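# Analysis of the macromolecular model
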Amino acid sequence: MARYWCRRLANHSELVCWLWHCAATVVALKIHERANAFSLVIVMLKVERAIAVVRSLVASQADWLEIEKLIAEAAQADPVAASIKSLKLQTNHVTMLLM
């Protein structure tokens, strides 16, 4: 494929423009990759915090309906609590909206 581009881009300025475009594309992909990695870390922290909250409520021996009520109330002010969409404590499941 590189030979095709070298033959097609006959003059020097076209080749420089094409190489500049390739370099800019690589830089844009690296920036996008870092942004995705940062988003992943934020999501993982959010999940870990939600698990810790649910575990602490279960450890305090609160009734399951009370736990659901507390999380629903906390959802008004806490974005992590708001991201918890459903609890199935009988089967140890917590459903979250990650983004």
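Residues numbered from 1 in each chain as written. Predicted model: local features only at pLDDT ≥ 70, side-chain atom pairs only at ≥ 80, totals over all residues. Heavy atoms only, no water.

## Focus: the overall build of the chain
For the chain, the helix and strand inventory stands at 4 helices and 2 strands. Reading the helices (α) and strands (β) of the chain from amino to carboxyl end gives α-α-α-α-β-β. Surface summary for the chain: the accessible area is close to 8,100 Å², and the carbon and sulfur share equals 65%. (Helix = DSSP H or I, 4+ residues; strand = E, 2+ residues; numbered from the N terminus. Areas by Shrake-Rupley, 256 points an atom, 1.4 Å probe, with all protein chains shown as cover.)

## Describing the layout of surface pockets
In this model, the largest pocket occupies a volume close to 190 Å³. Around the largest pocket, the lining residues are Ile51, Val54, Arg55, Val58, Leu89, Asn92, His93 and Val94. Breaking the lining of the largest pocket down by element, the ones donating at least two residues are α2 (12-59) and β2 (93-96). Among the elements that take part in the lining of the largest pocket, α2 stands out by supplying 4 residues, more than any other. Here the lining of the largest pocket is composed, by residue class, of 5 nonpolar, 2 polar and 1 charged. (1 Å grid on protein atoms, 1.4 Å probe; cavity = no way out; pocket = protein on both sides within 12 Å on 5 of 7 lines; lining within 4 Å. Points joined across faces, edges and corners; volume = space filled by probe spheres on them. Nonpolar A, V, L, I, M, F, W, Y, C, P; charged D, E, K, R; others polar.)

## So, the nonpolar core
Most often, soluble globular proteins keep nonpolar side chains buried together rather than apart. Residues Ala50, Val54, Leu57, Ile67, Ile71, Val80, Ile84, Leu87, Leu89 and Met96 constitute the largest nonpolar core, which totals 10 residues. Where this core is concerned, the elements lending two or more residues are α2, α3 (64-74) and β1 (84-88). The element best represented in this core is α2, accounting for 3 residues. What isoleucine 84 contacts, discounting residues up to four positions off in sequence, is Ala50, Val54, Ile71, Val94, Thr95 and Met96. (Core = buried A, V, L, I, M, F, W, Y, C linked by side-chain atoms within 4.5 Å. Buried < 20%, exposed > 50% of the residue type's maximum accessible area, 1.4 Å probe, protein only. Contact = heavy atoms within 4.5 Å.)

## As for the confidence of the model for the chain
For the chain, per-residue confidence averages 80 on the pLDDT scale, and residues scoring 70 or more make up 81% of the total. For the chain, the element scoring lowest by mean pLDDT is helix α1 (residues 2-8), at 49; α3 scores highest, at 90. (pLDDT = per-residue confidence, 0-100.)

## Examining unusual backbone geometry
Phi is positive for glutamine 61, which is not a glycine, with a value near 60°. Its place among the elements puts glutamine 61 in the loop between α2 and α3. By relative accessible area, glutamine 61 is classed as exposed at 72%. Positive phi, normally seen in glycine, also occurs at asparagine 92, with a value near 60°. On the secondary structure map, asparagine 92 appears in the loop between β1 and β2.

## A short note on the environment of valine 94
Positionally, valine 94 belongs in strand β2. For the pair valine 94 and valine 54, spaced 40 residues apart in sequence, the C-alpha to C-alpha distance is 8.6 Å. Those residues within four positions of valine 94 in sequence are excluded, and the remaining contacts are Val54, Ile84, Ser86 and Leu87.

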